[in-house]
Every structure is written in structure tokens, then in C-alpha cells.
Amino acid sequence: MMTISILKKALLASAIVLSTTAAYAEDITITVWAGGSNASDSYRMDAIEMAADILSKEQAILGNELNITIEKKRDFGGWSEFKQAVTLAAEAGKAPNIVATSHLDIAPWSEAGYIVPIEDYLDLDAWPINNIYDNLLKIASFDGVQWGIPQDAESRPFFFWKETMSKIGYSDADIEALPAKVQAGEYTLANVLVDAKKAVDMGLVEKGYGFYPRASNGPDFAQFYLSYGGVLQDPATGKLVLDKKAMTDMYQFFVDAVAAGITRKNHIGTDGSQWYADVANGKVAMWHGGTWHYGRYTGKEGNNDFFGTIQFSLIPAGNEAGKANTITHPLVYLITNQETDRAEEIAAQLINIASEPRINTLHAIKSSHLGITKQQSNIELYSSNRWASEATERLLPHASSQPNHLQYGAFSEALWKGLEASWTGVQTPAEAIKEVEAELKAILGDELIIR
Amino acid sequence: MSHNFRHWPIITILTIVSLPLIIMFAFQIIDTFTTHPIDSMIPNKVTFEQFSFLWDEAETGRANIWQVTLNTFIFATTTAVVVCTVSMTTAYALSRLNFPGRRYFLGGLIILHAFPTVTLIIAIFLILQIIGLYDTLLGVIMVKAALELPFGIWIMKGFYDNVPWEIEMAGVQDGASRFTVWWKLVLPQVQPGIFALMIFSFLSGWSEFLLPQVLAPGNDAQVLSTYMTALIADDTKIDFALFKAVGMFYALPVIAIYLIFQKKLMNIYGGGTKG
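Residues numbered from 1 in each chain as written. Chains lettered and ligands numbered in written order. Predicted model: local features only at pLDDT ≥ 70, side-chain atom pairs only at ≥ 80, totals over all residues. Heavy atoms only, no water.

Engineer: Any chance you could break down the overall build of chain B for me, citing the residues and the numbers?
Structural biologist: What chain B contains, in helices and strands, is 11 helices and two strands. Helices and strands in chain B line up, N terminus first, as α-α-β-β-α-α-α-α-α-α-α-α-α. Its C-alpha atoms give chain B a radius of gyration of 24 Å, more than 25% over the compact-globule value 19 Å for 275 residues. With the principal axes as the frame, chain B shows a C-alpha extent of 75 × 65 × 30 Å. Across the 275 residues that make up chain B, the buried fraction comes to 41%. Across chain B, every contact between residues at least 6 apart in sequence was considered, and the portion connecting residues at least 24 apart equals 72%. Carbon together with sulfur atoms contributes 71% to the accessible area of chain B, which is approximately 15700 Å² in total. Here chain B contributes 15 positive and 17 negative side-chain charges, whose respective centroids are spaced 17 Å apart. (Helix = DSSP H or I, 4+ residues; strand = E, 2+ residues; numbered from the N terminus. Rg over C-alpha atoms; globule rule 2.2 N^0.38 Å. Buried < 20%, exposed > 50% of the residue type's maximum accessible area, 1.4 Å probe, protein only. Contact = heavy atoms within 4.5 Å. Areas by Shrake-Rupley, 256 points an atom, 1.4 Å probe, with all protein chains shown as cover. Lys, Arg positive; Asp, Glu negative; His and termini not counted. Charge placed at Lys NZ, Arg CZ, Asp CG, Glu CD.)

Written out as C-alpha cells, the structure is:
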């Protein structure tokens, strides 16, 4: 890999030297597909277009005519349709040049040969990549190879409705101190159960609206597994880990929440818009979500006083074994395997330019995501945005991610199935764990460590 | 009048049963032209804003509505023309000519017609990939037309079967070639069938979702059905009014065709020369 990489860089260098001597017009079309993107995520694609403009101008100064046309697409129906489209297009040799997708796709897509390592084309020690947070950069790598560049960051906080909290006996100062107490492990999920029950018993929120979790599978639930001391991946071997004790405790937490009447037994599958409307305007005492929810709460849901009504913190620890945490699930830019090296090389350069702090800030603020580079705190648009700066400071340093493992999808799916069975009362947590263990053993075999 | 009154119990029951459907359609239309407060279903303002997708510039990464509509139109029309042309000739051969393997051909048609599209999708993808038509409108049109053909041929064969032999015999005896006979004498007899088939395959193409979704994900080949799914999947800003407006826009040609041609469409179930 190393020699190939050096070889490619040498070729690249000679190409640049050659191109400066003989000026010729070059036309190239770069296609960008962004998965799971809404209108507010437009800079996932627009940033590449801005980068193309800059690159062409840079080349023009060097005497080269480089015309880059950018084709953008984000309408795929949903994540699964997007992944299907990328997979089929890659199989047909018509993959888009750049995809903005979940970092979890790196493992399967690199194994399948759909993507090429970005480190073959870019110097990771040069600006702006050397300014990207190390933990984010690591999330975009797999098996020691840097496959992609983080496109944005986010994290998944725990939310409290301030008014409800104060009515159950928290002073304003207590509420202000909550995030720190959560971080220190002094306020745990056990407190969540107690406080949410208080809110329900006092009639401040309806039964089942004390604690309002995400209503479908997602990275969020792995956080609760971590809260009880669970580990997702063994750092030494890279194998996935099923910590039965932690997983049982986590299932039990949701079972207890249902038993206490603070979470609905039939909560799973609650309609998305209903869910947002419920949490954004005080129908719910506590819940968890994502940093990008800020845009939705203050936008479509019409909460004009976010900081006055809502407190946010890390996901509280479950017991002494675990600690307060949050998971970041950044999207990454990946370059796909193309017929010509030239297309891959230009795509890589565009990603490089699009990762500049100023350009990335446009996306971060417009879509309520977090930045990827340290220097973004020096860009006024970013630093003057209270949500971006506070969330970055409070959450991002403690953020971990889900492992880039070929079989992590199956692991996450099994975790969810067990949780669903326990939550809805179909199985006890112990029974559910037994099934999860059997299923994971069958799928993962050697790649699983059971504790 | 009195006749109608005698049936009032049935009419009442039918009205009640179809009420949900009627209310649904009514709100589909009302909601596209009005706005209403969040906690009420009663409209408070008439607006055309929901149709702004027709004239506003497309959002980043979203296809242009007119391009998409044109694609849908090309897709449906070409499918209809191909299906009709091929069905017209194939069905004639199957109905009138005695060629080897005719029986198996007919059996094969029925089997092909029975295959749900989704079971073939992987194989179709591989074929398109090999011939380089994946992610092109042409590729999807070919697939759609091929999948519609068994139905078309079968229907047209039914129409030809009902044309009396004597008409052709007379033509042949007068010295006309087989082709002239087919073109000048037989085709006019099966015209209602061709017409109905044309409309049916057009509508089928107009509403096709699965094939374009899987086989042509690029913006250039998007059609209205895939455009609509993307609208509803927007999870931070679901705009139901917009969705309904696009739905209306999508349904208009279909409604128009049904209103204009409903009598002719019924022919596909009757068929052949009358009297």
C-alpha cells in the first residue's frame, strides 16, 4: 500500500509538472451523492462545488484550464435506497465520484472494492487535514488505512425540559449544574427514572411521557450500553464485544422505565413528526436526541427559546461500571473507484478544499451539525453560534463512535432486536440476551468476544 | 325518481362505505390550495404557494420538476408505443400463423406475465449493467416495455381471434398480400384493442416506481414516482402540503385520460368486432 501510495504521489507530481509546461483544457464531471440529506444539508454538495470553483481558479493561475462540472444528488428516498443506489452503481461501474455517507459504510465498501483510500491522493499531514480532530479522522479510517475525510460531526445529547425539572424541585442553579453532574457521574440513569416518575406522578407530563427515547433503531441505543460499562470493540484485537452484564442492565433500564409508567410500552414506531412535536414543546420531561435536533426544535417546531426551555448534557452513566458518554456518527466523504486515476485525484482534491474550516462552517451552522476542524472556533459564524460552540465544548470531547467493523450492522441490529423484545415485554432481558448471544455467535463467530 | 328511492337503503350503505374515500379525495384537493392552522383541519386561507415547486428553482441536489415530468412522459409514451407496436405484430402472428413452437410460445407468455417484477430485478440489473444501460432512461424503458409485453400480446391476441377469417380470405382472394390484408383489413377491426392497450401501458408506465428507483438512481433519469418518495422521506422538514400538491400534479394526466377515454378503456374487457 505504502509503495503504491508513494508511486501515485510521484505520478501526480510529475503530472502537475508536465501540465504546467503544456497548457491544455481539461473538462471533467464530478458527481456527488449525499445520503440522508435534507434541504438544510445542501452544503454537503455545495461545498464540493465551491471547491471546484477554487481549484479551477488555482489551476488557471498556474496556466491550466480545468473545467469541472459538479452534478449533485440527494433525493434517494431514505438511507437504504441511497446505499442500494451506490452499491448498484458501483457494481455497474457508474459510481458517483464522491459520496457523503455514514462512516460505517467504509468497512463493507472498502472490502467490496467500491472505494479507494483517500490517503493515496492527499497528504494527511498538510492543511487542512492536519487541523481535523484526531478522533474524527480516526473514525474515517479502517484497518489502518485512511479511507475518507469526515464531512461533519454531531453528537447525541440527553435533554431535560427545564420547566418540568424546576417543578419537581430543581432550582435554576441545580439545572445549570446538571451537565457537570452528569459528566461527573453524579446524576445517573437511576436519577432519570426517579425524576421522570416524579414528573408523571405530579401530572406535569402524561403517563408514558416522562422519558421519551428515540422511537426506532439507531446509534443512540449503543450509548446506553456504554453507560452501563459496555464496550463495542476490543481495542487490541478489533473484535466486537458483547458484554452480557452491561447489555442486560441496559435492557433492564428500559423495562423499568415502562414499568414505572414513564415510557410507553408501545413507544417504538411513534411517528417521527409526532415525536419532534412532543419533545420540542414541553410534552416530555426527558429525552435523548442529536445535536442536529436544534435546527428542528427552533425551526419547524417553533421553539423560540431553546436555551431557556431545554437543558442538554451527555447521556448519563448507568452505574459505576460505565460513564457518561455520547456517540458521534459523522458522515464522511469517500471517493469511489473510477476507471481513471485522474477522476479520483480531482475528487480527492475537491474534498480537501471543501474541508477548509470556513467552507465546512457553512454546513455546520446551516444544518446544526458540529465542525470538523479545530480552527472553526476562530470563524465568527461558528463561534457566535451559541448552539454550535456550547455543544462542541460540552459533548464532542467525550464523544466516541461506533466501530468500523464489517459486521457492526448485524451487531447493532441484534442489540436492537433484543431491546425491542424486552421493551415490549415479549421477553425478559435475560431471555433476550440469550437470543442475542446465540444470534451474534452464529453471525460473527470468531469476530465476537463475549464477556 | 321513484326507482331511485326504492334503492335508498343500498345507496345509503354505499355512500357510508365510500365516505372515507370521498373525504380523502376531497382533502387531497382542498389541502393543495389552502392552508389551515396546526390544530385544525378547517382551511383558513386560499393559496397557490404549495405549487411553487413548479416555478421555483430546484433545491440543491434535487431534480428539476419539469425535467422529471418530461422524463416521466417520455418513459410512459415510449413504453406505450413499443408495447403496442410489438404486441400488434406478435399477437397477429400468434393468432393467425402456424409456426413451430407456437403452443410453447403461448405458454411462455402466460408464465412471463405471472412473474412479479421484483423477482427479476437482480437479473435485470446484471443485464443492464453488461449492455451499459444501467442508470439511463432508455434502459428502464426497455425493461418496462419487455415486462408489459406478455400482457399486451395476450390481450391483442384475444382481439385478433375475434376477427372473422372471412375478412382476410376475401382480401387474399382479391390479390392483396398478407401484409396489406393485416394493415388495411384486420388492424381497423382491432383498433379499439390497440387504443385501450396504448392507454393502459401509458398509465402503467406513468405510475411505475420500482424499476426507475432501482435501475436509474441518477438525477437525469428520475421520474415523478421516485421524486415523490424522496419528498416524503425528508425527515426534518416533512411538507405534507407540498407532497399533496406534487401528488395532484402527478395524478392530473391520469385523471384526464380516464375522463376522456373511459369508454374506450372498457373495450379491453369486451374486445373484438361487435354484432
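Text resumes after the structure shown.
Engineer: Explain a nonpolar patch on the surface residue by residue, including any values.
Structural biologist: Residues and elements named next belong to chain B. The grouping of Leu19, Leu21, Ile22, Ile23, Met24 and Phe25 at the surface amounts to a nonpolar patch, some 590 Å² of accessible area in total. Its location among the elements puts isoleucine 23 in helix H2 (residues 8–33). A relative accessible area of 42% places isoleucine 23 in the partly exposed class. (Patch = residues over 30% accessible without salt bridge, like charges linked within 9 Å, V, L, I, M, F, W, Y side chains within 5 Å. Salt bridge = Lys/Arg side-chain N within 4 Å of Asp/Glu carboxyl O.)

Engineer: Please set out the interface of chain B and chain A residue by residue, giving values where relevant.
Structural biologist: The extent of an interface is frequently quoted as the accessible surface area lost upon association of the parts. Residue-level contacts link 25 residues of chain B with 25 residues of chain A. At the boundary of chain B with chain A, total buried surface from both sides reaches about 2200 Å², with 49% on carbon and sulfur atoms. The interface formed by chain B and chain A contains one salt bridge. Joining chain B to chain A, the criterion identifies five residue pairs in polar contact (both at pLDDT 80 or more). The set of elements that each furnish at least two residues to the side of chain B that touches chain A consists of helix H5 (117–131), helix H9 (210–215) and helix H10 (224–232) of chain B. Per-class residue counts for the side of chain B that touches chain A are eight nonpolar, 11 polar and six charged. (Buried area = accessible area lost by both parts, 1.4 Å probe. Polar contact = N/O pair within 3.5 Å; in protein donor to acceptor, adjacent residues only side chain to side chain. Nonpolar A, V, L, I, M, F, W, Y, C, P; charged D, E, K, R; others polar.)

Engineer: How would you sum up the domain arrangement of chain A? Please name residues and give values.
Structural biologist: Residues and elements named next belong to chain A. Domain annotation for chain A reports domain 1 (2–154 + 330–400) and domain 2 (158–327 + 407–450). A C-alpha centroid distance of 32 Å is found between domain 1 and domain 2. Contacts between domain 1 and domain 2 engage 15 residues on the former and 18 residues on the latter. The junction of domain 1 with domain 2 conceals about 1600 Å² of combined surface from both sides, 68% of it contributed by carbon and sulfur atoms. Counting every contact that joins domain 1 to domain 2 gives zero salt bridges. Taken together, domain 1 and domain 2 are joined by six residue pairs in polar contact (both at pLDDT 80 or more). For the side of domain 1 that touches domain 2, the secondary-structure elements that each account for two or more residues are helix H17 (386–395) and strand E15 (399–400). Per-element accounting of the side of domain 1 that touches domain 2 gives the leading share, six residues, to H17. (Domains from an automatic or database assignment.)

Engineer: Describe the domain arrangement of chain B, listing the residues and the values that go with them.
Structural biologist: Residues and elements named next belong to chain B. Here chain B is partitioned into domain 1 (2–47) and domain 2 (64–270). Computed from C-alpha atoms alone, the centre-to-centre distance between domain 1 and domain 2 is 34 Å. Taken together, the contact between domain 1 and domain 2 spans four residues of the former and five residues of the latter. Counting each side, the surface lost to burial between domain 1 and domain 2 is near 400 Å², with a carbon and sulfur contribution of 66%. Together, Gln28, Asp31 and Thr32 form the three largest contributors to the area buried by domain 1 at its contact with domain 2, with a combined 84%. Run the count over domain 1 and domain 2 and you get one salt bridge. Among the ionic pairs, lysine 244 bridges to aspartate 31, the shortest N-O distance being 2.6 Å.

Engineer: Kindly report on the packing of helix H18 (residues 408–423) of chain A against helix H19 (residues 429–444) of chain A, identifying the contributing residues and their values.
Structural biologist: Residue and element names in this part refer to chain A. Viewed as axis vectors pointing N to C, H18 and H19 meet at an angle of 160 degrees, and their least axial separation amounts to 9 Å. Of the possible angle classes, the one that applies to H18 and H19 is roughly antiparallel. H18 and H19 meet at a crossing whose hand is right-handed. Facing Ala410, Phe411, Ala414, Lys417, Gly418 and Ser422 of H18, the residues of H19 in contact are Pro429, Ala432, Val436, Glu439, Leu440, Ile443 and Leu444. (Axes fitted to C-alpha atoms, helices over the stretch in contact; angles between N-to-C directions. Parallel < 35°, antiparallel > 145°, perpendicular 65-115°, else oblique. Left-handed = near helix turned anticlockwise from the far one by under 90°.)

Engineer: Any details on the sheet that holds strand E8 (residues 158–161) of chain A? Residues and values, ideally.
Structural biologist: The strands making up a sheet are joined through hydrogen bonds of the backbone, oriented either antiparallel or parallel. Residue and element names in this part refer to chain A. The four strands lie next to each other as E9-E11-E8-E12, forming an open sheet whose pairing is mixed. What marks the edges here is a single partner per strand, and that holds for strand E9 (211–212) and strand E12 (310–313). Note: E8 against strand E11 (residues 286–288), three bridges, orientation antiparallel. Its bridge partner being in E11, phenylalanine 158 is matched across the sheet by histidine 288. (Pairing = 2+ DSSP bridges.)

Engineer: Lay out the environment of Ser383(A) in plain terms, naming residues and giving numbers.
Structural biologist: All names here are of chain A. Within the secondary structure, serine 383 sits in helix H16 (residues 380–383). Owing to a relative accessible area of 34%, serine 383 belongs among the partly exposed residues under this scheme. Spatially, the C-alpha atoms of serine 383 and threonine 361 are 9.8 Å apart, while their sequence positions differ by 22 residues. Other than its neighbours up to four places away in sequence, serine 383 contacts Gln376, Ser377 and Ser389.

Engineer: Requested: an account of the nonpolar core, with residues and values cited.
Structural biologist: Ile68(A), Ile98(A), Met250(A), Trp287(A), Tyr297(A) and Leu350(A) are the most contacted members of the largest nonpolar core, which totals 122 residues. Structurally, this core is a two-domain feature, drawing no fewer than three residues from each of domain 1 (2–154 + 330–400) and domain 2 (158–327 + 407–450) of chain A. Beyond its immediate sequence surroundings of up to four residues, Leu350(A) is in contact with Ile30(A), Ile48(A), Ala51(A), Ala52(A), Leu55(A), Ile68(A), Ile70(A) and Ile98(A). Core analysis: the second largest hydrophobic core is formed by 38 residues, Ala95(A), Val99(A), Ile121(B) and Val143(B) among them. (Core = buried A, V, L, I, M, F, W, Y, C linked by side-chain atoms within 4.5 Å.)

Engineer: I'd love a proper account of the pairing of strand E1 (residues 25–34) of chain A, names of residues and values included.
Structural biologist: Residues and elements named next belong to chain A. Of all 10 residues in E1, seven are buried; the element is thus mostly enclosed. One ladder, built from nine bridges, connects E1 with strand E2 (residues 65–73); its direction is parallel. Note on E2: the bridge partner recorded for glutamate 26 is leucine 66.

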